[in-house]
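Okay, here's what each chain looks like letter by letter:
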Amino acid sequence: MRYACIIYYDPETLFGGSPEANSVLAECSTYDEVLTASGHFVAGEALTMPNEAMTVRMRGGKVSAVDGPFMETKEMLGGFIIIEARDLNEAVQVAAGIPQARIGTVEVRPIVDFSQPPPEL
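Keep in mind that what you see is a predicted model, and the values were worked out from it rather than measured.

Student: Lay out the pattern of salt bridges in plain terms, naming residues and giving numbers.
Tutor: According to the stated counting rule, one finds four salt bridges in the structure shown. Residue Arg86 is joined to Glu90 by a salt bridge in which the shortest nitrogen-to-oxygen separation is 3.2 Å. Residue classification places Arg86 among the exposed positions, given a relative accessible area of 69%. A salt bridge links Glu107 to Arg109; the shortest N-O distance between them is 2.3 Å.

So this is what it looks like as structure tokens:
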């Protein structure tokens, strides 16, 4: 099963120059290789800062595009890694090894299998 490891962090912490942050940044550059070697890596990308983003909404047939997103917290969405794991427990173990988990948050969420019925609400 595939899981999205959605990475959030405070950019002031990650890019603040502390020894821990510098260690995390150094590990990020090769962590995809670690996941590939273990057979878990599917895809991953880092995202630019939110000030380079646009938020798009379509309402009543009209497009609204604004600068943003506007964050309510210090943490921002910084990137994602798609992994393959047997189950959620293994996915959590893999996500715990993501370097940014040491100074930020990694949300682990199963990816929808559209060949299955939709979830019941």
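Read on for the rest.
Student: Outline the sheet that holds strand β5 (residues 76-84), supporting the account with residue identities and numerical values.
Tutor: Taken in spatial order, the four strands make up an open sheet running β2-β5-β1-β6, and their pairing is antiparallel. Sheet topology places β2 (41-46) and β6 (105-110) at the edges, where each strand pairs with a single neighbour. Averaged over all pairs of adjacent strands, the angle between their axes in this sheet comes to 20°, without regard to strand direction. Pairing of strand β1 (residues 2-9) with β6 involves six bridges; the strand directions are antiparallel. Looking at β6, one finds that Ile7 is bridged to Val106. Across the face of the sheet, helix α3 (residues 88-96) comes into contact with β1, β5 and β6 while running at roughly 155° to β6.

Student: Residues and numbers for helix α2 (residues 19-38), please.
Tutor: Between its first and last C-alpha, α2 extends 27 Å over 20 residues, near the 28 Å set by a 1.5 Å rise per residue. Of all bends in α2, the biggest is about 50°, found at Thr30. Taken together, the buried positions of α2 are Ala21, Val24, Tyr31 and Leu35. Looking at the residues trailing α2, positive phi occurs at Gly39, about 85°.

Student: Let's hear about the packing of aromatic side chains: which residues, and what values?
Tutor: On inspection of all chains with the given rule, the structure shows one aromatic pair. Consider the rings of Tyr9 and Phe15, whose centres lie 6.0 Å apart with planes at 85°: the pair is edge-to-face. Judged by relative accessible area, which is 45%, Phe15 ranks as partly exposed.

Student: Kindly report on the side chain of Gln100, identifying the contributing residues and their values.
Tutor: Within the secondary structure layout, Gln100 lies in the loop between α3 and β6. Judged by relative accessible area, which is 13%, Gln100 ranks as buried. Beyond its immediate stretch of four places on either side in the chain, Gln100 contacts Ile7, Val24, Cys28 and Thr105.

Student: Lay out the layout of surface pockets in plain terms, naming residues and giving numbers.
Tutor: Summary: where empty space remains is shown by rolling a probe the size of a single water molecule over the atoms. Of the volumes computed, that of the largest pocket is approximately 280 Å³. In terms of lining residues, the largest pocket is bounded by 18 residues, among which Ile7, Cys28, Glu45, Ala46 and Gln100 are the most central. Of all the secondary structure elements, the ones that give two or more residues to the lining of the largest pocket are β1, α2, β2 and β5.

Student: How would you sum up the environment of Ala43? Please name residues and give values.
Tutor: Position of Ala43 among the secondary structure elements: in strand β2. Expressed as a C-alpha distance, the spacing of Ala43 and Gly16, which sit 27 residues apart in the sequence, is 27 Å. If near-sequence neighbours (up to four positions away) are discounted, Ala43 is found in contact with Phe80, Ile81 and Ile82.

Reading guide: rules and limits
- Residues numbered from 1 in each chain as written.
- Predicted model: local features only at pLDDT ≥ 70, side-chain atom pairs only at ≥ 80, totals over all residues.
- Heavy atoms only, no water.
- Salt bridge = Lys/Arg side-chain N within 4 Å of Asp/Glu carboxyl O.
- Buried < 20%, exposed > 50% of the residue type's maximum accessible area, 1.4 Å probe, protein only.
- Pairing = 2+ DSSP bridges.
- Helix = DSSP H or I, 4+ residues; strand = E, 2+ residues; numbered from the N terminus.
- Axes fitted to C-alpha atoms, helices over the stretch in contact; angles between N-to-C directions.
- Contact = heavy atoms within 4.5 Å.
- Expected span 1.5 Å × (residues − 1).
- Bend = angle between axes of the 7 residues up to and from the residue.
- Phe/Tyr/Trp six-rings, centres within 6.5 Å; stacked < 30°, edge-to-face > 60°.
- 1 Å grid on protein atoms, 1.4 Å probe; cavity = no way out; pocket = protein on both sides within 12 Å on 5 of 7 lines; lining within 4 Å.
- Points joined across faces, edges and corners; volume = space filled by probe spheres on them.

This is a description of form; function is not addressed.
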